[in-house]
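Architecture at a glance
What follows is the residue order along each chain.
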Amino acid sequence: MLTETKIDCKYPVSQFEFEDNRIYRQDRLKGGGGILAYVSTKLPSKKIKVPKKCKTIEVLSLKLFLNSINVIVLGLYRPQKPSKPTGPNYFNQVEEELNHVISWAGSNGQMLVIMGDLNLDRLKPDDREGKLLIDIENIFDLSCLISQPTRVTPNSKTLIDVLLIDRPELFKAAGVVELGLSDH
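Heads up: these notes are all about the structure in this document.

1. Remarks on helix α1 (residues 90-108)
- Look at α1: 27 Å from first C-alpha to last across 19 residues, which is about the 27 Å you get at 1.5 Å a residue.
- Buried-residue contacts for α1 involve β4 (45-48), β5 (58-66), β6 (69-77), β7 (111-117) and α2 (128-139).

Given below as structure tokens:
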């Protein structure tokens, strides 16, 4: 799952193809944002539509079939700053939309996997943004498999890229890998 791809329909799918992988995209119409997912062609999968349009988060929702388990995978991206002024209720709207999308996904699958750049710093649980993320984890009984900072600068460390799951016992390993392609 790649977030903040900054690609739109002008970029053909063929430009991003990898052998034995199916590509799913959720492009933005204009600059910034965007989500792209690669799924092995060995796994039955399809893109599914979230029933409500979100204004504060971007969502790419997939249904995968792993053996007898129906898995909903959400790719999420939330810009660090809203593109349009939204007023004092912005974080309430973010929380409401995350709650809606995760509730919907949880009711449509036997397992839930959420990946993405939420720009909510998990390393700051006392700040509004970090608290919002940890509250979401607690409400939906999700575990964050990423525990190391995902963005490190000379002045700060943040954990804004997450892998949240409701069945952590099924995962062998997860971590942070520096690829040099992005700043986080």
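2. So, the packing of aromatic side chains
- Applying the stated rule across the entire model yields 3 aromatic pairs.
- Aromatic side chains Y11 and F16 sit 6.5 Å apart centroid to centroid with 50° between the ring planes, which places their arrangement in the tilted category.
- Assessed through its relative accessible area of 35%, Y11 is described here as partly exposed.
- When the ring of Y90 is compared with that of F91, the centres are 5.1 Å apart and the planes differ by 75°; the resulting orientation is edge-to-face. Each member of the pair Y90 and F91 is classed as buried.

3. Digging into the pattern of salt bridges
- Inspection of the entire model under this criterion finds 7 salt bridges.
- Note that K52 is salt-bridged to E96, the shortest N-O span being 3.5 Å. Remark: E96 occurs in helix α1 and K52 occurs in the loop between β4 and β5; sequence separation between them is 44 residues.
- Given the relative accessible area of 35%, K52 is considered partly exposed.

4. Structural notes on the pairing of β7
- Of all the 7 residues making up β7, 6 are buried; the element is thus mostly covered by neighbouring parts of the structure.
- Pairing analysis gives 7 bridges linking β6 to β7, with the strands arranged parallel. The partner of I72 across the bridge, within β7, is L112.
- Sheet topology note: the β7/strand β11 (residues 161-165) ladder contains 5 bridges and is antiparallel. Along β11, the bridge assignment pairs V113 with I165.

5. Remarks on the sheet that holds β11
- Taken in spatial order, the 6 strands make up an open sheet running β4-β5-β6-β7-β11-β8, and their pairing is mixed. Two strands lie at the open edges of the sheet, namely β4 and β8 (143-144), each paired on one side alone.
- By the bridge criterion, 2 bridges tie β8 to β11 in an arrangement that is antiparallel. Paired with C144 across the bridge in β11 is L164.
- Each of β4, β5, β6 and β7 is contacted by α1, which is oriented at about 165° to β6, the strand it contacts most.

6. What to know about the nonpolar core
- Grouped together as the largest cluster of nonpolar side chains are 43 residues, with contacts concentrated most on L74 and L98.
- Every element with two or more residues in this core is listed here: β3 (35-40), β5, β6, α1, β7, α2 and β11.
- Every residue in contact with L98, bar those within four places of it in the chain, is listed here: I57, L76, L118, L120, L132 and I136.

7. A closer look at the sheet that holds strand β2 (residues 21-26)
- If you trace the 3 strands from one edge of the open sheet to the other, you get β1-β3-β2, paired in antiparallel fashion. Sheet topology places β1 (2-3) and β2 at the edges, where each strand pairs with a single neighbour.
- The pairing of β2 with β3 spans 6 bridges and is antiparallel. Its bridge partner being in β3, R22 is matched across the sheet by V39.

8. Some words on the packing of α1 against α2
- Two numbers describe how α1 lies on α2: the axes approach to 11 Å, and their chain directions differ by 20°. Here α2 runs roughly parallel to α1, going by the angle between their axes. In this structure, the crossing between α1 and α2 has a hand that is right-handed. Touching F91, N92, V94, E95, L98, N99 and I102 of α1 are R128, E129, L132, I136 and I139, all from α2.

About the thresholds
- Residues numbered from 1 in each chain as written.
- Predicted model: local features only at pLDDT ≥ 70, side-chain atom pairs only at ≥ 80, totals over all residues.
- Heavy atoms only, no water.
- Helix = DSSP H or I, 4+ residues; strand = E, 2+ residues; numbered from the N terminus.
- Expected span 1.5 Å × (residues − 1).
- Contact = heavy atoms within 4.5 Å.
- Phe/Tyr/Trp six-rings, centres within 6.5 Å; stacked < 30°, edge-to-face > 60°.
- Buried < 20%, exposed > 50% of the residue type's maximum accessible area, 1.4 Å probe, protein only.
- Salt bridge = Lys/Arg side-chain N within 4 Å of Asp/Glu carboxyl O.
- Pairing = 2+ DSSP bridges.
- Axes fitted to C-alpha atoms, helices over the stretch in contact; angles between N-to-C directions.
- Core = buried A, V, L, I, M, F, W, Y, C linked by side-chain atoms within 4.5 Å.
- Parallel < 35°, antiparallel > 145°, perpendicular 65-115°, else oblique.
- Left-handed = near helix turned anticlockwise from the far one by under 90°.

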